[in-house]
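# Topology and contacts: notes
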Amino acid sequence: MNPLIEQTEPTQQQIVKKKEKTTMASQTKLKKPNSHFSLCTFLFFTVLFTIPALFLLRTSSCSSSTAAVSSSSDTNQPPWSGDLQAAQFAWNRLDFSLTNPPPKTLKLAVFSRKWPTGPNPGGMERHAFTLYTALARRGHRVHVFTSPLDQSPETNKIPPVSDQILYPIIHSHGDAEPGKWRYNKAWELYQEENKKEPFDAVHSESVALPHWIAREVPNLAVSWHGIALESLQSSIYQDLIRKPDEPRSQGFNASLYGAVIPKILDEIRFFHNYAHHIAISDSCGEMLRDVYQIPEKRVHVILNGVDENGFTSDKKLRSLFRSKLGLPENSSAIVLGAAGRLVKDKGHPLLFEAFSKLIRTYSNVYLVVAGSGPWEQRYKELGEKVSILGSLNPNELKGFYNGIDLFVNPTLRPQGLDLTLMEAMLSGKPVMASRYASIKRTIVVNDEFGFMFAPNVEALTAVMEVAVAEGAERLAERGRKCKEYAAEMFTASKMALAYERLFLCINDQKFCIYP
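The text that follows walks through the structure, step by step, so that each part is easy to find. Source: prediction; values computed, not measured.

Procedures and definitions
- Residues numbered from 1 in each chain as written.
- Predicted model: local features only at pLDDT ≥ 70, side-chain atom pairs only at ≥ 80, totals over all residues.
- Heavy atoms only, no water.
- Helix = DSSP H or I, 4+ residues; strand = E, 2+ residues; numbered from the N terminus.
- Expected span 1.5 Å × (residues − 1).
- Buried < 20%, exposed > 50% of the residue type's maximum accessible area, 1.4 Å probe, protein only.
- Contact = heavy atoms within 4.5 Å.
- Disulfide = S-S within 2.5 Å.
- Polar contact = N/O pair within 3.5 Å; in protein donor to acceptor, adjacent residues only side chain to side chain.

## With respect to helix α17 (residues 492-507)
With 16 residues, α17 extends 22 Å from end C-alpha to end C-alpha; this agrees with the ideal 22 Å at 1.5 Å per step. Counting buried positions over the 16 residues of α17 gives 14, a clear majority of the element.

## Quick look at the environment of Ile 268
Summarising the element assignment, Ile 268 is placed in helix α7 (residues 250-270). Along the backbone, Ile 268 and Gln 293 are 25 residues apart, and their C-alpha atoms lie at a distance of 7.4 Å. Among all residues touching Ile 268, those that are not within four sequence positions of it are Val 291 and Tyr 292.

## Regarding the state of the cysteines
One pass over the full model with this rule turns up one disulfide. A disulfide bridge connects Cys 505 with Cys 512, and the sulfur atoms are separated by 1.9 Å. Judged by the sign of its S-S torsion, about 90 degrees, the cystine formed by Cys 505 and Cys 512 is right-handed. Across this residue pair, the class does not change: Cys 505 and Cys 512 are buried.

## Considerations on the environment of Asn 364
On the secondary structure map, Asn 364 appears in the loop between α10 (348-361) and β10 (365-370). The class for Asn 364 is partly exposed, based on a relative accessible area of 24%. Residues in contact with Asn 364, not counting those within four places in the same chain, are Ser 332, Ala 333, Ile 334, Lys 385 and Val 468. One polar contact links the side chain of Asn 364 to the main-chain carbonyl oxygen of Ser 332, over a distance of 2.5 Å.

See the structure below:
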């Protein structure tokens, strides 16, 4: 008889054992888990492990889309053409003419919580100012609806409402302190202006315009400078840098389960109320399409850009900067630079410890930090090897970027896309950055552009040693290639032209076809 299909009747001993197991199982009562905790735990691990899988699944299709654009200069491949709404790569890659005037002059409305008036605005405010100043100079009539302006000397530089040619028209609402945003007041100002002549397109910087109002505006586009799903990753990375004997923050679990995960679910639901979504990195575009389930034709990737005239290579500035700080100018010295708020989530605990280890081995290494915050005092503990400059204005930043050999960005926040990386590359400097999808897919797309590391002390220390061993000449060679790439992708002009084409497309479908 075939042993694979042979059947025998159970023995009496087997029957008894089976009954005993059944009896024991029925007598054993399992404690019912807390349903809320189980749900949150399930959601947490679902998000944590599903996102990387989705990215892997998307890699081949996104790579092919990017290749289709990147190979446009190849004589064997025709340039990309088609419906821009179907493009899943950054529009910055496309060739929009800067010399030709726009085919149509648009009346544009912008909702921004703040408008920069001081010397050191935040990243989102700098983005709005750079973008809409460029569009106004292209001839578009830009109306910015924002909070009351700070009464600083810089405020007087804002042009009057009557100047509609070179600058945006600023409508700041009342009934609030400077910088305090009241969307309902801004909306009232918008409605008044819209009655005079309807706007061709409306733009919201993140959730400046709430979704319950946005759903009634079909010609609206929203730029996401960071979404809750990315902040979940940030929470994970910040917890992972704890010391073995350091207790987890008491509010960590409460924040994670009580705020972050519910916020992700809320965003997935209400994001659909916005007609068009602008992702500022390739990875953010993937999240909006794959996780937030926004239809592909409503998600558009347009990278941020910085003033190409403000960040350039300048040997004279390099010498002046180093001379002022007493830094050696010989080729054997390596000067690292970091810029931004000196706080934990910007990765300064990592940079502090990694550089502390580095200088024990290498005597020719220096660190220059542009920014202010709690970690300023800690850096001073490292003595003459570290220079703390405080917050710098744009003109001072030019000297900073030119004076260093390598720009380091150890951020623990994957959300958004840091403008400092773009500024450094435009200034001809290679970069060293945390290995996040947003940076890897959009900034350091070529190993020649710099170095990437897992956000921990050991990994950062290791890549620093590699960079120092390469020497200043090799780093300068990398920097030249960074500058070439940045000039093609990260300029204010490229960004403004891409936004202009999107707003034209929203206003009239014929402009959605490229070229």
